[in-house]
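Breakdown of the fold
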Amino acid sequence: MNEDPLLGLEETDGLDPTEAVLSLTDRTVRGLFWTYGSVALTVVLQVGYTVVISRRLSPSAFGLVAFAGLPIALSGYFADMGISAAVVQKPELDNRDVRVAFTGSVVAGLLISAIVILAAPAIGVLFGNLKVVPILRVLALSFAIMGFGSVALGLLQREMKFRQIAIIEVTSYALAYPLTGLLLAWRGAGVWSLVGAALMQTVTMVCLSYALTRHAVRPLIDGRRAKRIYGFGGLVSVNGLLEFFGANADTFAVGRFIGTYSLGQYSRATMVIGLPLSNLATGASSVLLPGFARLHGDDVRAGRAFLRALALFAALMFPMAAVLGVLAKPLVHVLLGNQWGEAASVVPIVGGAVAFGFVLHLPAVVCEARGRLRQKLAITSSYLIFVIALVALVVQ
């Protein structure tokens, strides 16, 4: 095996025959190219959609969806059970493994969807806002739908098929938000235009991902294989829960203690800064996860690759956050309109937090890729404690 000098990644066995001539670094670079190409195109669509939708809906509508999104995002970790991550990371994967993973994914998706629908009134009481109840019940259907597609997406990521993933992401967003969402908003659907767009995106992603993989879907229960897949996936879910609390403690605090109007302002501010920065971080994670998984057992080269990747993305994200912070006021005015003036003051803070959070998140991605979930748990727990302490200080 030969080391490629770009990131320190090396060529490994088991590559797809059509890509066997490519080193792992070549495939990683190509993956970043396709991933960030889709990100750039999606951002263009997002900007156009945001410019229009922010003038059609009130801040309270965005606040309600952002508030409802908290329990939905939390439940998503239980619905996925880390199965897609297990599909990506597992050193050897055969057809029976895929069937076991698919069976568990479908069952978990249906179960969590039913639980959220039944628990929606209690969640509304907990949040102090019963208007989120019907929104929660409709958004909960996304778990039942996504249960049929998470394994297919995991297989595409495992095989580093980032061109196909890029097509899925761009197509699903284009059909969901600029088309479905704006059409519903134009017809006066209000907050339901945001809900309908979210469901449409999930349906489109599931259909396209399965069409590109056509993996086995016949149910299979195998205790030995399930223990390996769900054991790893369970630890991934625990880490995901901690990441969720760290990422959403601020949203909950604003919505619970300040109100949905202010949360709407805050959510739009995070959107402005999140378009480039969050997509940059997510794209890097999705490409580096399967790349580092292929370096299983080689700590020296993985360490070199990690340091180079960390330096590269830190050099991109922090300057970008600084520029967006300086341009916050004109950006918010042009993109969102006059009713979103409060959001401009939040953009610089959110930008710095996103950049700093990614620098801490990258080591966690590497730990997951290499099967070292206890180390990832320690990193995630430390970050969560820091965020909770900071939010508590601000709220007081």
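Since we're looking at a predicted model, the values are computed, not measured.

**Quick notes on a nonpolar patch on the surface**
- Together, Phe318, Phe356, Leu360 and Phe386 give the surface a local cluster of nonpolar side chains, amounting to about 340 Å² of exposed area.
- Structurally, phenylalanine 318 is set in helix α12 (residues 299-326).
- With relative accessibility at 37%, the residue phenylalanine 318 sits in the partly exposed group.

**Overview of unusual backbone geometry**
- If you check the backbone angles, methionine 160 has positive phi at about 55° while not being a glycine.
- In this fold, methionine 160 is placed in the loop between α7 (150-158) and α8 (162-186).
- In this structure, arginine 214 takes a positive phi of about 50° despite not being glycine.
- Tracing the backbone through its elements, the reader meets arginine 214 in the loop between α9 (191-213) and α10 (223-257).

**Remarks on the packing of aromatic side chains**
- Counting across every chain of the model gives 4 aromatic pairs.
- A ring pair is formed by phenylalanine 67 and phenylalanine 127, whose centres lie 4.5 Å apart and whose planes are at 25°; its orientation type is stacked. On the criterion of sequence distance, the pair formed by phenylalanine 67 in helix α2 (residues 59-80) and phenylalanine 127 in helix α4 (residues 95-127) is long-range, its members being 60 residues apart.
- Seen from their ring centres, phenylalanine 102 and phenylalanine 148 are 6.2 Å apart, and the 65° between their planes marks the pair as edge-to-face. With phenylalanine 102 in helix α4 and phenylalanine 148 in the loop between α6 (141-146) and α7, this residue pair connects regions lying 46 residues apart in the sequence.
- What makes phenylalanine 102 buried here is its relative accessible area of 8%.
- Its relative accessible area of 38% is what places phenylalanine 148 among the partly exposed residues.
- Taken together, the aromatic side chains of Tyr49, Tyr173 and Tyr177 make up a single cluster linked through ring pairs.

**So, the environment of leucine 235**
- In this structure, leucine 235 sits in helix α10.
- Sequence separation between leucine 235 and arginine 374 is 139 residues, and the spatial gap between their C-alpha atoms is 8.2 Å.

**What about the pattern of salt bridges?**
- A complete count under the given rule lists 5 salt bridges for this structure.
- Residues aspartate 94 and arginine 225 are paired through a salt bridge, measuring 2.8 Å at the closest nitrogen-oxygen approach. Taken together, the residues aspartate 94 in the loop between α3 (83-89) and α4 and arginine 225 in helix α10 connect sequence positions 131 residues apart.
- Given a relative accessible area of 34%, aspartate 94 falls into the partly exposed group.
- Here arginine 225 falls in the buried class, since its relative accessible area comes to 13%.
- A salt bridge links arginine 225 to aspartate 97, with the nearest nitrogen and oxygen atoms 3.0 Å apart. One end of the pair, arginine 225, is in helix α10; the other, aspartate 97, is in helix α4, with 128 residues separating them in the sequence. By the burial criterion, arginine 225 is buried, and aspartate 97 matches it.

**Some details on α7**
- Counting buried positions over the 9 residues of α7 gives 9, a clear majority of the element.
- Of the residues making up α7, those classed as buried are Ser150, Val151, Ala152, Leu153, Gly154, Leu155, Leu156, Gln157 and Arg158.
- In the stretch just after α7, methionine 160 is the one whose phi turns positive, near 55°.

**A word on the packing of α4 against α7**
- Orientation of α4 relative to α7, taken along the N-to-C sense of each, is 140°, at an axis distance of 9 Å. With respect to α7, the axis of α4 lies oblique. Residues Val98, Ala101, Phe102 and Ser105 of α4 touch α7, and the partners they reach there are Ser150, Val151 and Leu155.
- Looking at side-chain class alone, the contact of α4 with α7 contains 5 nonpolar, 2 polar and no charged residues.

**Some points on the nonpolar core**
- Of all hydrophobic cores here, the largest spans 32 residues; its most connected members are Ile53, Ile135 and Leu136.
- Those elements that provide at least two residues to this core are α1 (24-56), α2, α4, α5 (132-139), α8 and α9.
- Considering each element in turn, this core owes the most residues, 8 residues, to α2.
- With near-sequence residues (within four places) excluded, leucine 136 lies in contact with Ala68, Pro71, Ile72, Val116, Ala120 and Ile123.
- Core analysis: the second largest hydrophobic core is formed by 29 residues, Phe162, Ile168, Val365 and Ala369 among them.

**Points about the side chain of threonine 202**
- Within the secondary structure, threonine 202 is located in helix α9.
- Using a relative accessible area of 14% as the deciding quantity, one classes threonine 202 as buried.
- For threonine 202, the residues in contact, after removing those within four places along its chain, are Ser142, Ile145 and Met146.

**Some points on the packing of α8 against α9**
- Where α8 contacts α9, the two axes come as close as 8 Å, and the packing angle between them is 155°. Classed by the angle they form, the pair α8 and α9 counts as roughly antiparallel. In this structure, the crossing between α8 and α9 has a hand that is right-handed. Taking contact as the criterion, the partners of Gln164, Ile168, Thr171, Ser172, Tyr173, Leu175, Ala176, Tyr177, Thr180, Gly181, Leu184 and Ala185 in α8 are, on α9, Trp192, Ser193, Gly196, Ala197, Ala198, Met200, Gln201, Thr204, Met205, Leu208, Ser209 and Leu212.
- Residues of the contact of α8 with α9, tallied by class, amount to 14 nonpolar, 10 polar and no charged.

Cut-off values and rules
- Residues numbered from 1 in each chain as written.
- Predicted model: local features only at pLDDT ≥ 70, side-chain atom pairs only at ≥ 80, totals over all residues.
- Heavy atoms only, no water.
- Patch = residues over 30% accessible without salt bridge, like charges linked within 9 Å, V, L, I, M, F, W, Y side chains within 5 Å.
- Areas by Shrake-Rupley, 256 points an atom, 1.4 Å probe, with all protein chains shown as cover.
- Salt bridge = Lys/Arg side-chain N within 4 Å of Asp/Glu carboxyl O.
- Helix = DSSP H or I, 4+ residues; strand = E, 2+ residues; numbered from the N terminus.
- Buried < 20%, exposed > 50% of the residue type's maximum accessible area, 1.4 Å probe, protein only.
- Phe/Tyr/Trp six-rings, centres within 6.5 Å; stacked < 30°, edge-to-face > 60°.
- Axes fitted to C-alpha atoms, helices over the stretch in contact; angles between N-to-C directions.
- Parallel < 35°, antiparallel > 145°, perpendicular 65-115°, else oblique.
- Contact = heavy atoms within 4.5 Å.
- Nonpolar A, V, L, I, M, F, W, Y, C, P; charged D, E, K, R; others polar.
- Core = buried A, V, L, I, M, F, W, Y, C linked by side-chain atoms within 4.5 Å.
- Left-handed = near helix turned anticlockwise from the far one by under 90°.

Remember, this is a structural readout, not a statement about activity or role.
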